Amino acid sequence: MSENFKEAFEKTKIAGSIASGALDEVSKILKPGISTNEIDKICYEFINDHKAYSAPLFYRGFPKSCCTSTNHVVCHGIPSDKILKEGDIVNVDVTAFKEGWHGDTSRMFKIGEISIKAEKLINATYESMMKAISIVKDGVHLGDIGSTIQSHVEAQGFSVVQDFCGHGIGRTFHKEPNVLHYGEKGTGEKIKTGMIFTIEPMINLGNYETKILNDGWTAVTKDKSLSAQFEHTIGVTKDGYEIFTQSNKID
């Protein structure tokens, strides 16, 4: 690995570990009766305490330090006074910016006992992300990543959101390439050693279609079915990959 890649990987891993650490802190407080604003406060304070900055805060006008997407919210849910209740599922998406580099990750959390359908959806979503990450190495087509995710979740009766995708990341929050979570093997550009990007499948219990609410951010399933998402930031190596947002507690 060249020195350029080495610095990029090391700095991204530092930012990524702060982001995943924030989610570890969130996991300690989640229970029925907690508001999504309380989640936001924990993320903001943890990132700040680690001398980093919360990248979503004020990004294109986004008002909070993390995204909290509950039940049929697909992504970009804005933390509020909304109270989480027994049976809810919530995705918390956080990005830390430290010393010029970004680390971006999201995770699903269960509030109390959840339905069997919700459990299956969460498991399938996580499995699809990890299966896609496992094939990453120099020379693999981007379409192979999407195909791996799509085939895994569709075999279980779920659908892949097509309106949002993974993205290149590094000194910039969002950049090329776009990493689709559906597609055909052997299509799309070939990924190269040194690339850093996110894989972040959004999987719906029902139809894949989404719509944006009037706040201009919150994306929901059109049919109001449950949605789940997981996200890691990874780097491409000659023979494989490195995950920069691995939790100390899970994975």
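Our structure is the block above this text.
We now turn to the structure provided with this report.

### Observations regarding the pattern of salt bridges
One pass over the full model with this rule turns up seven salt bridges. A salt bridge links K41 to E45; its shortest N-O distance comes to 3.0 Å. On the criterion of helical spacing, the pair formed by K41 and E45 is a turn pair, its members being four residues apart in helix α2 (residues 36–49). Note on E45: relative accessible area 33%, which makes it partly exposed.

### Digging into the packing of aromatic side chains
A full pass over the atoms with the stated rule returns four aromatic pairs. Aromatic pair F9 and F244: ring centres 5.1 Å apart, planes at 75 degrees, arrangement edge-to-face. In this pair, F9 sits in helix α1 (residues 3–29) while F244 sits in the segment after β15 (241–243), placing the two residues 235 residues apart along the sequence. Residue classification places F9 among the buried positions, given a relative accessible area of 4%.

### Notes on the pairing of strand β14 (residues 232–236)
With five of five residues buried, β14 lies mostly within the body of the structure. By the alternation rule, side chains of β14 split into H232, I234 and V236 and T233 and G235, which are all buried. Here strand β9 (residues 196–199) pairs with β14 via four bridges, running antiparallel. Residue pairing for β14: I199 is matched across the bridge by H232. Note that β14 and β15 share three bridges and pair antiparallel. Within the sheet, the bridge partner assigned to V236 lies in β15 and is Y241.

### Here we look at the nonpolar core
Of all hydrophobic cores here, the largest spans 29 residues; its most connected members are I145, I191, F197 and I199. Contributions of two or more residues to this core are made by α3 (116–134), α4 (142–154), β9 and β14. When residues in this core are grouped by element, the largest group, seven residues, is from α3. Residues contacting I145, with those up to four places away along its chain left out, are A132, I135, V136, V179, L180, F197 and I199. Within the second largest apolar cluster, 20 residues are counted, among which are A22, L84, V90 and V94.

Criteria and thresholds
Residues numbered from 1 in each chain as written. Predicted model: local features only at pLDDT ≥ 70, side-chain atom pairs only at ≥ 80, totals over all residues. Heavy atoms only, no water. Salt bridge = Lys/Arg side-chain N within 4 Å of Asp/Glu carboxyl O. Helix = DSSP H or I, 4+ residues; strand = E, 2+ residues; numbered from the N terminus. Buried < 20%, exposed > 50% of the residue type's maximum accessible area, 1.4 Å probe, protein only. Phe/Tyr/Trp six-rings, centres within 6.5 Å; stacked < 30°, edge-to-face > 60°. Pairing = 2+ DSSP bridges. Core = buried A, V, L, I, M, F, W, Y, C linked by side-chain atoms within 4.5 Å. Contact = heavy atoms within 4.5 Å.

Without other data, these values stay purely geometric and don't point to any function.
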